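Examining the three-dimensional arrangement
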Amino acid sequence: MDSINSMLSNVQNYQGLLAKQTGLENSDFATAHSANFSQLLSNAINGLNNNVNAMEQGTAGLISGTNNDLGKTMVQMTEAQLSVQTAVQVRNKVLDAYNDIKNMQF
């Protein structure tokens, strides 16, 4: 989670530098869309965290005997697995894009 937050911080810092260089730092368009992107990313991270927590609670319930619904727990495990895989793929794509931008020569 910390690596995702630091990556988000790095992307926001880079976005600020790019906005200064392009003259869009005071633009209403840039401000509105950066807030939307930040909110979208925060919502995705919160959704991932919720899926993993639900899976952990369901698994703990099965182990302790308080939860007897194996099907629901398996669905929660699958949702958590897909969420984590999606987050990893998005992270990989962001890092690839960052590296491509970093290696550009102006």
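Here, every reference points to the structure presented above.
Reference entry: report on the structure contained in this document. If you're wondering where the values come from, they're calculated on a predicted model, not measured in any experiment.

**Quick notes on the overall build of the protein**
- The secondary structure content of the protein amounts to three helices and zero strands.
- Reading the secondary structure of the protein in the N-to-C direction produces α-α-α.
- Looking at the protein as a whole, 12% of its 106 residues qualify as buried.
- In the protein, of all internal contacts separated by at least 6 residues, the share reaching a separation of at least 24 is 54%.

**Considerations on the side chain of Ser-83**
- Within the fold, Ser-83 resides in helix 3 (residues 70–102).
- Apart from residues lying up to four places away in sequence, Ser-83 is in contact with Leu-48 and Asn-51.

**Considering a nonpolar patch on the surface**
- The grouping of Leu-70, Met-74 and Met-77 at the surface amounts to a nonpolar patch, some 280 Å² of accessible area in total.
- Its place among the elements puts Leu-70 in helix 3.

**Considerations on the environment of Leu-62**
- Assignment of secondary structure puts Leu-62 in helix 2 (residues 28–64).
- With eleven residues separating them in the primary sequence, Leu-62 and Thr-73 have C-alpha atoms 8.0 Å apart.
- With sequence-adjacent residues up to four places away left out, Leu-62 is seen in contact with Asn-67, Asn-68, Asp-69, Leu-70 and Thr-73.

**So, the environment of Asn-10**
- Within the secondary structure, Asn-10 sits in helix 1 (residues 2–22).
- Taking relative accessible area as the criterion, Asn-10 reaches 48% and is therefore assigned partly exposed.

**A short note on the environment of Val-94**
- With respect to the helices and strands, Val-94 occurs in helix 3.
- The spacing of Val-94 and Val-11 is 83 residues in sequence and 9.1 Å in space, taken between C-alpha atoms.

Rules used in this analysis
Residues numbered from 1 in each chain as written. Predicted model: local features only at pLDDT ≥ 70, side-chain atom pairs only at ≥ 80, totals over all residues. Heavy atoms only, no water. Helix = DSSP H or I, 4+ residues; strand = E, 2+ residues; numbered from the N terminus. Buried < 20%, exposed > 50% of the residue type's maximum accessible area, 1.4 Å probe, protein only. Contact = heavy atoms within 4.5 Å. Patch = residues over 30% accessible without salt bridge, like charges linked within 9 Å, V, L, I, M, F, W, Y side chains within 5 Å. Areas by Shrake-Rupley, 256 points an atom, 1.4 Å probe, with all protein chains shown as cover. Salt bridge = Lys/Arg side-chain N within 4 Å of Asp/Glu carboxyl O.

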